[in-house]
Amino acid sequence: MDDFLNAEGLRAALGPATGCDHCAGLQCAGWESVTAPLGAPLLQPLGTLRDPAIDEPTYLERHAEGTSFWHARAPVALTHFPYNRCTVWRCPQCRRGFLQYTEAGGYYVDHRVRAIDPALIEA
């Protein structure tokens, strides 16, 4: 899954944020920790938001007023952390999009998933 997606490509590849029976169990408007990365057959790989031209993506975060990292209405700021290190997946039935990011701390690994609301995507 090496296909780099910019904001325009991401919006074009996704369907509405509402979901369907196939992906309805994934209620993750904001970042949610999951026990293991999600993948096929539940989700279909689309690509990455990690720009191959940047060796070390920034850890700076982007927040709209009143939001935080975990907030459901936080912008999907593609050039900011953690979005700039995410893989992109979608439901094969309705094309609802999902971001996956793995936080690797000193003694733990935290797999995180967030459903993509296309209205929140920022370049």
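Residues numbered from 1 in each chain as written. Predicted model: local features only at pLDDT ≥ 70, side-chain atom pairs only at ≥ 80, totals over all residues. Heavy atoms only, no water.

For the rest of this paragraph, the subject is the overall build of the chain. A tally of regular secondary structure across the chain gives one helix and seven strands. Against the globule reference of 14 Å for 123 residues, the chain gives a C-alpha radius of gyration of 14 Å, in line with a compact fold. Overall, the C-alpha framework of the chain stretches about 35 × 35 × 35 Å when taken along its three principal axes. Put simply, the chain has 123 residues, and 43% of those count as buried. For the chain, the share of sequence-separated contacts (at least 6 apart) that also reach a separation of at least 24 residues comes to 69%. Total accessible area on the chain stands at roughly 6,700 Å², and carbon and sulfur atoms take up 52% of it. Positive and negative side-chain charges in the chain, numbering 10 and 14 respectively, have mean positions lying 4 Å apart. (Helix = DSSP H or I, 4+ residues; strand = E, 2+ residues; numbered from the N terminus. Rg over C-alpha atoms; globule rule 2.2 N^0.38 Å. Buried < 20%, exposed > 50% of the residue type's maximum accessible area, 1.4 Å probe, protein only. Contact = heavy atoms within 4.5 Å. Areas by Shrake-Rupley, 256 points an atom, 1.4 Å probe, with all protein chains shown as cover. Lys, Arg positive; Asp, Glu negative; His and termini not counted. Charge placed at Lys NZ, Arg CZ, Asp CG, Glu CD.)

Another point: the nonpolar core. In terms of nonpolar packing, the biggest core is built from 20 residues, with L10, L49, V88 and L99 touching the most fellow members. Elements supplying a minimum of two residues to this core: α1 (7-13) and β5 (97-104). Not counting residues within four places of it along the chain, the set of residues in contact with L49 comprises F4, L5, L10, L78, Y83, N84, C86, V88 and L99. In terms of nonpolar packing, the next biggest core, distinct from the first, is built from 11 residues, L26, C28, C94 and F98 among them. (Core = buried A, V, L, I, M, F, W, Y, C linked by side-chain atoms within 4.5 Å.)

Inspection of every chain in the model, using the stated rule, returns six aromatic pairs. With 5.0 Å between their ring centres and 70° between their planes, F69 and W70 make a pair best called edge-to-face. Given the relative accessible area of 42%, W70 is considered partly exposed. Directly above the aromatic system of Y59 lies the positively charged group of R85, at a separation of 4.0 Å from the ring centroid. (Phe/Tyr/Trp six-rings, centres within 6.5 Å; stacked < 30°, edge-to-face > 60°. Lys NZ or Arg CZ within 6 Å of the ring centre and 35° of its normal.)

This part takes up the pairing of strand β4 (residues 87-90). One ladder, built from four bridges, connects strand β2 (residues 44-48) with β4; its direction is antiparallel. Bridge pairing in β4 places T48 opposite T87. Between the antiparallel neighbours β4 and β5 lie six residues, among them R95 with a positive phi of about 70°. (Pairing = 2+ DSSP bridges.)

Taken as a whole and assessed by the stated rule, the structure comprises five salt bridges. With its nearest N and O atoms 2.9 Å apart, the salt bridge here joins R73 to D117. Taken together, the residues span a long stretch of sequence, with R73 in the loop between β2 and β3 (76-77) and D117 in the loop between β6 (109-115) and β7 (121-122) at a distance of 44 residues. A residue is classified by how much of its surface remains accessible, and R73, at 46% relative accessible area, is partly exposed. What makes D117 partly exposed here is its relative accessible area of 22%. (Salt bridge = Lys/Arg side-chain N within 4 Å of Asp/Glu carboxyl O.)

Checked against the element boundaries, A29 lands in the loop between α1 and β1 (32-34). Look at A29 and you get partly exposed, because its relative accessible area is 44%. In this structure the C-alpha to C-alpha distance between A29 and D117, which are 88 residues apart in sequence, comes to 7.8 Å. Excluding residues that lie within four positions of it along the chain, A29 makes contacts with A72, R114 and A115.

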